[in-house]
Amino acid sequence: MSNSSIDLQLLNAFASLLLLLSFAMLSQRRIVTMVKLLAMQGMLLGLATLLLAVRTGQNHLYISAALTLSLKALFMPWVLHRLIKRLGVYWDSEPLLNITVTMLAGLLIVIFSFGLAQPIAEFANTATRSAIGIAVAVVLLAFLTMITRGKAMSQVVGFLSMENGLFFGAMSASYGMPMIIELGVALDVLVAMLVLGVFFFQIREQFDSLDLHHLEKLREEK
Amino acid sequence: MEFLALLVAPILGAVILAFFGARRFAPEANVAISVVTFAAACALTVRVISEGSITAANEQFFIDPFNVFLVTLTAFVSLNTSLFSRPYMRIEREHGRVNSAQSRLYHSMYQLFIAAMLIALTTNNMGLMWVAMEAATLSTVLLVTLYRTPSSLEAGWKYFILCGVGIAQALFGTILLYVAAESVLGAEGMSALLWTHLNGVKGQLEPAVLSLAFVFLLVGYGTKVGLAPLHNWLPDAHAEGPTPISAVLSGLLLNVAIYAVVRCKVLVEGSLKSDLPSQMLMGFGLLSVVLAAFFLWRQRDIKRLLAYSSIEHMGIIAFAFGMGGAVANFAALLHMTVHSLTKSAIFFAVGHAAQKSGTQIMDDIRGLLTLSPTVGWGLMLGTLAILGMPPFGVFASEFLILTTAMQQQPWATPILLMALGVAFAAIFGRVQPMVFGETTAKRLPHPPALLPVFAHLALVLMLGLYIPSYLADWYRLAARLIAGQ
């Protein structure tokens, strides 16, 4: 392939944008914006998969790309938007750590991730292996987002962003998992969204709020 | 054929009960479906004993001595739990804690949960195993929150998020496993995720990637096992849901999760040729045993107490698998069986005791023996069994584990013994006044189902006194398989 280096550069650009979006999510307190960032992440992931499909000519990657674009870039953000509107949760409460500290922690996480991904990247024989470190970083940053947030909705956004990171990892390390597994995972995530929707309404019915501070009663002293 | 029935029965059952789960006959239908599943499991076992390991559906599923005994155990305990849930859920409906929609949800999800566990146990595909484990979590989240109380919602949320994050780690581990395997087995036809194929080439898999994979897999599936310090969801989820669900969560789901960990350990150990996976399992196991033993003292809710006891026993099992070797694996398998039977029996007895007293707080449950000797004795005997008193089976397996530990890991023996002692004092001191003394309990509108309690306890007693030779052979085969011989 003559244009392979351009491909590769584009893929790397996508990877770095993914990481950037993770940081944006980490610092964002408006839940609607977080969902938008998540949708952009899904879009980038879908485009990266599509690019890889064109580059390697593997059919299952086309399906995977279509699935990612429709589910992660459109459907799930749409569901989340509707939930936000109906539940009226627009802002997250004050984060547990202030933004500066969180960002610094995020930086350390990125360095750590690249260290962690080193042996995998050395071993993998894909052209995109340099992006594995970024995938690990996206997963761990999403984890950090979940830890530092108080609202149920932002934790869910973090959770989905983690799923994005995992998919990106699978893609850059081995051009994706076998089709049936990807379908299975997608199904699980969809069902999880459904369960969550039901769950949110139950929580709100009970507490009139989606603030997780209400959910801190079950301590050991009980 | 048997195999198809085993998986199709609960899935079909879930669909049927999703429509008719609120009818009068729903609890009986639930039992009937479980009977079919159990019959299929028995037929499958007979076949595996006579023919050896089998594979199905283009090698996507396989049955070997290790998982067939777990399949039978799962089908058996789920059948008895459905028998127990028949009067239990009727009483809950009459007490107004559950309406018809919730009853539908309960029955349908119960079967779906069983189906997910059976798929996770029988699949040969590590990716499918992940999907099934996640499905098992998702099907029980709404059951934990069935009563819609604030604390049950909190428990459900914790369960969902912690297990979700945990299982995401396991997905990453599975991806790494695939990356390592792909270079040996090729990406075609999914053979790179099939356990039997992986097991054949485990010596060639890249150790650096696999050790990293194992860390993620252990943390991921370990969260579902309830290994400390990843156990936070477990006591809440066990305490707040309906008791039949606590029984299957504790008796079955934890077993399935530890099964997944052991499958991964076999692969990774074969690749690494070092004892890193063993040491990690032993470390997590010991930490769980010690932590749970001390947390037992702080519990006031009987179901939380039992949940911590489950964490303790899962720690013992993880430790035994960590020690490895044929004897320790044999003991761990036996302990999985007896723990599953005993713990579910105690939950059955506790479920009725809590309904009689209208509370789960131990201080408010008194003198069960006066009103209902069977529930009282069921709880007492079950407690003695789970605490490792002879002649019950838990004694046999714990004795084996401890004596093996003395030979292989002498440093760990005093820690284990101390933790077991602490747990004994904590649990026995609490349960004794619940059973004896003046009563506060009242009669129930439906007679409690005590057959499952005593059936389980009788089996545990039998396993303590005498293990039938075919069962022992079966355990030995599985133990050798796990030891990689």
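The shown structure was predicted, so the numbers you read here are calculated from the model rather than taken from an experiment. (Residues numbered from 1 in each chain as written. Chains lettered and ligands numbered in written order. Predicted model: local features only at pLDDT ≥ 70, side-chain atom pairs only at ≥ 80, totals over all residues. Heavy atoms only, no water.)

Observations concerning the overall build of chain B
For chain B, the count of helices and strands is 19 helices and two strands. What you see for chain B is a C-alpha radius of gyration of 21 Å, in line with the 23 Å of a compact globule of 485 residues. Summarising its shape, the C-alpha atoms of chain B cover approximately 65 × 55 × 45 Å along the three principal directions. Within chain B, the fraction of its 485 residues that count as buried is 66%. Sequence-distant contacts in chain B: of pairs separated by 6 or more residues, those separated by 24 or more amount to 82%. With an accessible surface of roughly 14800 Å², chain B has 66% of that area assigned to carbon and sulfur atoms. The average position of the 27 basic charges and that of the 23 acidic charges among the side chains of chain B differ by 9 Å. (Helix = DSSP H or I, 4+ residues; strand = E, 2+ residues; numbered from the N terminus. Rg over C-alpha atoms; globule rule 2.2 N^0.38 Å. Buried < 20%, exposed > 50% of the residue type's maximum accessible area, 1.4 Å probe, protein only. Contact = heavy atoms within 4.5 Å. Areas by Shrake-Rupley, 256 points an atom, 1.4 Å probe, with all protein chains shown as cover. Lys, Arg positive; Asp, Glu negative; His and termini not counted. Charge placed at Lys NZ, Arg CZ, Asp CG, Glu CD.)

Some details on the packing of helix 3 (residues 65-94) of chain B against helix 13 (residues 325-357) of chain B
Residue and element names in this part refer to chain B. One way to put it is that helix 3 packs onto helix 13 with a least axis distance of 11 Å and a crossing angle of 0 degrees. In terms of their interaxial angle, helix 3 and helix 13 are classed as roughly parallel. A class-by-class count of the residues in the contact of helix 3 with helix 13 yields 15 nonpolar, eight polar and one charged. (Axes fitted to C-alpha atoms, helices over the stretch in contact; angles between N-to-C directions. Parallel < 35°, antiparallel > 145°, perpendicular 65-115°, else oblique. Nonpolar A, V, L, I, M, F, W, Y, C, P; charged D, E, K, R; others polar.)

Quick word on empty space enclosed by the protein
Applying the stated criterion to the full structure yields eight cavities of 30 Å³ or more. In this model, the largest cavity occupies a volume close to 90 Å³. Secondary-structure elements contributing two or more residues to the lining of the largest cavity are helix 3 (59-87) and helix 7 (179-207) of chain A. Of the residues forming the lining of the largest cavity, the biggest block, six residues, is contributed by helix 3 of chain A. Along the lines of polarity and charge, the residues of the lining of the largest cavity split into six nonpolar, two polar and two charged. Of the volumes computed, that of the second largest cavity is approximately 60 Å³. Lining the second largest cavity, in full, are Leu166, Phe167, Ala170, Met177, Ile181, Glu182 and Val185 of chain A together with Leu171 and Ile175 of chain B. (1 Å grid on protein atoms, 1.4 Å probe; cavity = no way out; pocket = protein on both sides within 12 Å on 5 of 7 lines; lining within 4 Å. Points joined across faces, edges and corners; volume = space filled by probe spheres on them.)

Quick word on the interface of chain B and chain A
When the parts of a complex come together, some accessible area is lost, and that lost area is often used as the size of the interface. The interface of chain B with chain A comprises 53 residues on the first partner and 46 residues on the second. Interface area for chain B against chain A, summed over the two sides, is near 4400 Å², with a carbon-plus-sulfur share of 75%. Contact with chain A buries surface across chain B, with Leu153, Glu154 and Trp157 of chain B losing the most and accounting together for 16% of the total. Where chain B meets chain A, there are zero salt bridges. For the pair chain B and chain A, the interface holds one residue pair in polar contact (both at pLDDT 80 or more). When contributions to the side of chain B that touches chain A are tallied by element, the ones reaching two or more residues are helix 5 (126-144), helix 6 (150-185), helix 8 (207-225), helix 9 (233-240) and helix 12 (302-323) of chain B. For the side of chain B that touches chain A, the element with the most residues is helix 6 of chain B, which contributes 24 residues. (Buried area = accessible area lost by both parts, 1.4 Å probe. Salt bridge = Lys/Arg side-chain N within 4 Å of Asp/Glu carboxyl O. Polar contact = N/O pair within 3.5 Å; in protein donor to acceptor, adjacent residues only side chain to side chain.)

Overview of the packing of aromatic side chains
Here the structure, examined in full by the defined rule, presents 22 aromatic pairs over all chains. Arranged with centres 6.1 Å apart and planes meeting at 35 degrees, the rings of Phe200 of chain A and Trp157 of chain B form a pair that is tilted. Taken together, the residues Phe200 of chain A in helix 7 and Trp157 of chain B in helix 6 connect one chain to another. Residue class for Phe200 of chain A comes out buried when judged on its relative accessible area of 1%. One aromatic cluster in this structure is built from Phe159, Phe199 and Phe200 of chain A together with Trp157 and Phe160 of chain B. The ring centre of Tyr147 of chain B lies 4.0 Å from the NZ or CZ of Arg97 of chain B, which sits over that ring. A cation sits over an aromatic face here: Arg263 of chain B above Trp195 of chain B, 4.3 Å from the ring centre. (Phe/Tyr/Trp six-rings, centres within 6.5 Å; stacked < 30°, edge-to-face > 60°. Lys NZ or Arg CZ within 6 Å of the ring centre and 35° of its normal.)

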